[in-house]
Amino acid sequence: MTMAVDRPHPISLADGKEYVIGDAVEVLSSIDDADVICLDDAWSRPHRGGQFGVEYDTHPFDHEHNDSATSTKLVVDACMEALNPGGWLIADADDWLLPRLTSYLMDEYGDVNDDYGGGGYRKVGSVTYLSSDGTPDRSTPGMYGSTGGYSVVFGHKGETERRWSESVRQVVPRQREKFGWGSVKPIVPYKKWVSDILNPDDHLVVPCAGTAPAALGAEIAFGASIRYTCIDNEPDAYNAFRRRAREEGTVEADALNLPDLLS
Ligand SMILES: C[S@@+](CC[C@H](N)C(=O)[O-])C[C@H]1O[C@@H](n2cnc3c(N)ncnc32)[C@H](O)[C@@H]1O
């Protein structure tokens, strides 16, 4: 693990596009115009032994029962605060996080499904991985069924006028290349979602960004016109993002500056 920086360090990638090395809650508190936020939070289960092999910082769901400085609740609150009215939160989850996250969104921000109005929790979607023979992936270890992908929670801040029709359930080849990072997600689902929900010139924010598949998806979909802010507290996450932007061959080579770290 590398040392995280003390103060947010913004790296300019292009006009309106930056990767900030800093704490998600701290950096989100300086943003008040996000149109979509794609969050793959660095949560950990209370008994998640050895953090399942990930080397980056993780935090508990609830800071009130733990001495951790941050928590999923604080990150979600900071996301909702940073969104414009009607802006969308798209948050990755697993079997442990999904019920906790949906309950928290419903309790704190509302349940659109309950009264067909307002904001808060809207939908549960998913990303299902395909193995090379085209069947749903079954490589997840365990004796009680295989997940082969993950859930995704969709919510919005208050009433929304952003209508969109892309499926919240996506099926894609398993993400094999990790670019030297952990928990790396495929670009395609986020590219489809953000390109449907966002307009050119809108602002996408990607806290706990890692290799930032949502930002790269927006880059592919919109090119120069989209604005985005990626946030991660690990300098090496930016290096992994840089590798991904260059190596995945989906972003035009000269579209982003991708400067050396802390140059
Ligand atoms: C689940 S991973 C995201 C992986 C990403 N979806 C991808 O495809 O590469 C969570 C990320 O959150 C970052 N992180 C952990 N604590 C953080 C914090 N307090 N503020 C910002 N980022 C944080 C980790 O460094 C890690 O890159």
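In the block above lies the structure referred to throughout.
Student: Looking at this structure, how should I read the site of the ligand?
Tutor: Looking at the ligand, there are 22 residues lining it, with D40, W181, K185, T211 and D232 nearest. Between the ligand and T211 there is a distance of 2.6 Å, counted from an oxygen atom to a side-chain nitrogen or oxygen. At a separation of 2.6 Å, an oxygen atom of the ligand approaches a polar side-chain atom of D232.

Student: Help me understand the pattern of salt bridges in this model?
Tutor: Opposite charge on two side chains permits pairing when their charged atoms draw close. In the structure shown here, the tally under the stated rule is 12 salt bridges. The salt bridge partner of D92 is K185, with a shortest N-O separation of 3.3 Å. Pair noted here: D92 is in strand β4 (residues 83-93) and K185 is in the loop between β7 (169-173) and α5 (188-197), with a separation of 93 residues, a long-range link. When its relative accessible area of 5% is taken as the criterion, D92 is described as buried. Residue K185 is classed as buried on the basis of its relative accessible area of 13%. A salt bridge links E248 to R244; its shortest N-O distance comes to 2.7 Å. Residue E248 is classed as partly exposed on the basis of its relative accessible area, which comes to 27%. The buried category is assigned to R244, whose relative accessible area is 0%. Through salt bridges with shared partners, a single ionic network connects D35, R162 and D202.

Student: Would you mind showing me how to read the pairing of strand β3 (residues 34-39) here?
Tutor: Consecutive side chains of a regular strand alternate in pointing toward one face of the sheet and then the other. With respect to burial, β3 is a largely interior element, six of its six residues being buried. Direction of pairing for β3 relative to β4: parallel, over a ladder of five bridges. In the sheet register, V36 faces β4, and the bridge partner there is W88. Pairing analysis gives two bridges linking β3 to strand β8 (residues 203-207), with the strands arranged parallel. When the sheet's bridge partners are listed, V36 is paired in β8 with L204.

Student: Help me understand the side chain of D137 in this model?
Tutor: For D137, the position within the fold is in the loop between β5 (120-130) and β6 (149-156). Residue contacts for D137: discarding those within four places in its chain leaves Y129, L130, S131, S146, G148 and R174.

Student: Would you take a moment to explain the packing of helix α2 (residues 72-82) against helix α3 (residues 97-109) for this structure?
Tutor: A pair of packed helices can be characterised by two numbers: the angle between their axes and the separation between those axes. At a minimum axis distance of 11 Å, the contact between α2 and α3 shows a crossing angle of 50°. In terms of orientation, α2 lies oblique with respect to α3. Relative to α3, α2 is oriented so that their crossing is right-handed. When α2 is examined against α3, the residues T72, K73, V76, D77 and M80 are found in contact with a partner set consisting of L97, L101, Y104, L105 and Y109. For the contact of α2 with α3, a count of residues per class yields seven nonpolar, one polar and two charged.

Student: Any chance you could explain the sheet that holds strand β1 (residues 9-14) here in plain terms?
Tutor: Whether parallel or antiparallel, the strands of a sheet pair through hydrogen bonds between backbone atoms. Strand order in the open sheet made by the nine strands is β1-β2-β9-β8-β3-β4-β6-β5-β7, with mixed pairing throughout. The sheet is open, and its two borders are formed by β1 and β7, each paired with just one other strand. Taking each pair of neighbouring strands and ignoring which way they run, the sheet shows an average axis angle of 20°. Here β4 pairs with β6 via six bridges, running antiparallel. Bridge pairing links D92 to V152 in β6. Those strands touched by α5 are β3, β4, β5, β6, β7 and β8, and its axis lies near 140° from that of β7.

Rules used throughout
Residues numbered from 1 in each chain as written. Predicted model: local features only at pLDDT ≥ 70, side-chain atom pairs only at ≥ 80, totals over all residues. Heavy atoms only, no water. Near = heavy atom within 4 Å. Polar contact = N/O pair within 3.5 Å; in protein donor to acceptor, adjacent residues only side chain to side chain. Salt bridge = Lys/Arg side-chain N within 4 Å of Asp/Glu carboxyl O. Helix = DSSP H or I, 4+ residues; strand = E, 2+ residues; numbered from the N terminus. Buried < 20%, exposed > 50% of the residue type's maximum accessible area, 1.4 Å probe, protein only. Pairing = 2+ DSSP bridges. Contact = heavy atoms within 4.5 Å. Axes fitted to C-alpha atoms, helices over the stretch in contact; angles between N-to-C directions. Parallel < 35°, antiparallel > 145°, perpendicular 65-115°, else oblique. Left-handed = near helix turned anticlockwise from the far one by under 90°. Nonpolar A, V, L, I, M, F, W, Y, C, P; charged D, E, K, R; others polar.

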